[in-house]
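As a plain string of letters, each chain reads:
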Amino acid sequence: MSDSRPIGIFDSGVGGLTVFSEVEKALPREEIVYFGDTARVPYGTKSKETITRFSVENVEFLMKHNVKLVLVACNTASSLSLDFLKRCFRVPIIGVIAPGARNAVNSTRNNRIGVVGTNATIISGAYEKAVKSISRKIAVYSQSCPLFVPLVEEGWTKEKVTYEVASVYLKGLKAKGVDTLILGCTHYPLLKDVIKKFMGSEVLLVDSAREVAKEAKAILDANGLLNINPGRKKHKFFVSDEPGPFIRLSERFLKRKMTCVKRAV
Ligand code: DGL
């Protein structure tokens, strides 16, 4: 059995391309429809009601493209709206929180896990709840890092200023002796070098993007939804605002030429 329908991915903007990239690697035979809500980004500063309303509209858009699975790449939307989305739609929907939390629990040796994310993700406590639902004996320390997203979007991923900002945000987590740190935001995998430099190479960085790609593969496989036909896949990218800025940023995120980005109507 083979299912050639595409996988849908949505994010508040360009950051979800870190998830796109991992899904593409893990599932090279699948076609992907990506939607970035660039007209309404950032989500990380908004309320649950607003993020949930946006998320429902995003899934409705992807459904018009006949997707077989929806991946909520945005950590903020996954933290606040995933349960509601699952109740609203029949298509399987997965978020980044549970896979990231599971990986962190399997990785920690000293039972001290750190989480970094947007304000909304950290306030929601979603990662903490997900970790505690697996093991109550693990201590979770969380820190919001609101300046990380604009730094990444500015392309300042290795600059001294970024290291200094990271030091301010991360010093509390370092003092707690976490040995595993969940990068709970789409943009943070691009700051891995800086984060590692400050936290030390012995601290394991958990990239939710990679974990959710593995989960997507497992779900498609378990439900007989994999596309087993080989051949070049043509992914589609949609944004809710003018495509120009998305194209420029996405070429930096994906290190490739972006030709097929359209404004969603
Ligand atoms: N995509 C968001 C996340 O992963 C970061 C950007 C935003 O605040 O919208 O939480």
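You'll find the structure just up there.
Residues numbered from 1 in each chain as written. Predicted model: local features only at pLDDT ≥ 70, side-chain atom pairs only at ≥ 80, totals over all residues. Heavy atoms only, no water.

Explanation requested: the site of the ligand in the structure shown.
Around the ligand lies a shell of 13 residues, among which Asp-11, Ser-12, Tyr-43, Gly-44 and Thr-76 are the nearest. Here an oxygen atom of the ligand sits 2.6 Å away from a polar atom, N or O, in the side chain of Ser-12. Here Thr-186 contributes a side-chain N or O atom positioned 3.0 Å from a nitrogen atom of the ligand. For the ligand, the accessible surface in isolation is 290 Å², of which the surrounding protein chains cover 98%. (Near = heavy atom within 4 Å. Polar contact = N/O pair within 3.5 Å; in protein donor to acceptor, adjacent residues only side chain to side chain. Areas by Shrake-Rupley, 256 points an atom, 1.4 Å probe, with all protein chains shown as cover.)

Can you help me understand the side chain of Thr-157 in this one?
Position of Thr-157 relative to the elements: it lies in the loop between helix H7 (148-153) and helix H8 (160-175). Thr-157 sits in the buried class, given a relative accessible area of 16%. The residues touching Thr-157, leaving out its near neighbours within four places in the chain, are Val-152, Thr-162, Leu-190, Leu-191 and Val-194. (Helix = DSSP H or I, 4+ residues; strand = E, 2+ residues; numbered from the N terminus. Buried < 20%, exposed > 50% of the residue type's maximum accessible area, 1.4 Å probe, protein only. Contact = heavy atoms within 4.5 Å.)

Sorry if this is basic, but what is going on with the side chain of Thr-180 here?
Assignment of secondary structure puts Thr-180 in strand E7 (residues 180-184). At 2.8 Å, the side chain of Thr-180 and the side chain of Asp-179 are in polar contact. Once residues lying within four places of it in the same chain are set aside, the contact partners of Thr-180 are Ala-104, Ser-107, Thr-108, Arg-112, Ile-113, Gly-114, Val-203, Leu-204 and Val-206.

For this particular structure, what's the right way to read the pairing of strand E3 (residues 69-72)?
In the case of a regular strand, side chains alternate between the two sheet surfaces. By the alternation rule, side chains of E3 split into Leu-69 and Leu-71 and Val-70 and Val-72, which are all buried. Where strand E1 (residues 7-11) meets E3, 4 bridges bridge the pair, whose relative direction is parallel. Each residue of the ladder has a partner; that of Phe-10, found in E3, is Val-72. Inspection of the sheet shows E3 paired to strand E4 (residues 93-95) by 3 bridges, in the parallel sense. Looking at E4, one finds that Leu-71 is bridged to Ile-94. (Pairing = 2+ DSSP bridges.)

Can you walk me through the sheet that holds strand E8 (residues 204-207) in this structure?
Sheet strands pair by backbone hydrogen bonding; their relative direction is either parallel or antiparallel. Judged by pairing direction, the sheet is parallel, and its 4 strands sit side by side in the order E6-E5-E7-E8 without closing on themselves. At either margin of the open sheet sits one strand with a lone partner, and together these are strand E6 (139-144) and E8. Direction aside, neighbouring strands of the sheet carry axes that sit 25° apart on average. Lying on the sheet, helix H4 (residues 97-107) is in contact with strand E5 (112-117), E7 and E8; it crosses E7 at an angle near 170°. Taken strand by strand, helix H6 (residues 126-134) contacts E5, E6 and E7, and its axis lies near 165° from that of E6. (Axes fitted to C-alpha atoms, helices over the stretch in contact; angles between N-to-C directions.)

Please explain the sheet that holds E4 as it appears in this structure.
Strands sit in the order E4-E3-E1-E2-E9-E10 across an open sheet of 6 strands; the sheet is parallel. At either end of the open sheet lies a strand with only one pairing partner, and these are E4 and strand E10 (261-263). Averaged over all pairs of adjacent strands, the angle between strand axes in this sheet comes to 20°, irrespective of strand direction. By the bridge criterion, 3 bridges tie strand E9 (residues 236-239) to E10 in an arrangement that is parallel. Considered in E10, the bridge of Val-239 is made with Arg-263.

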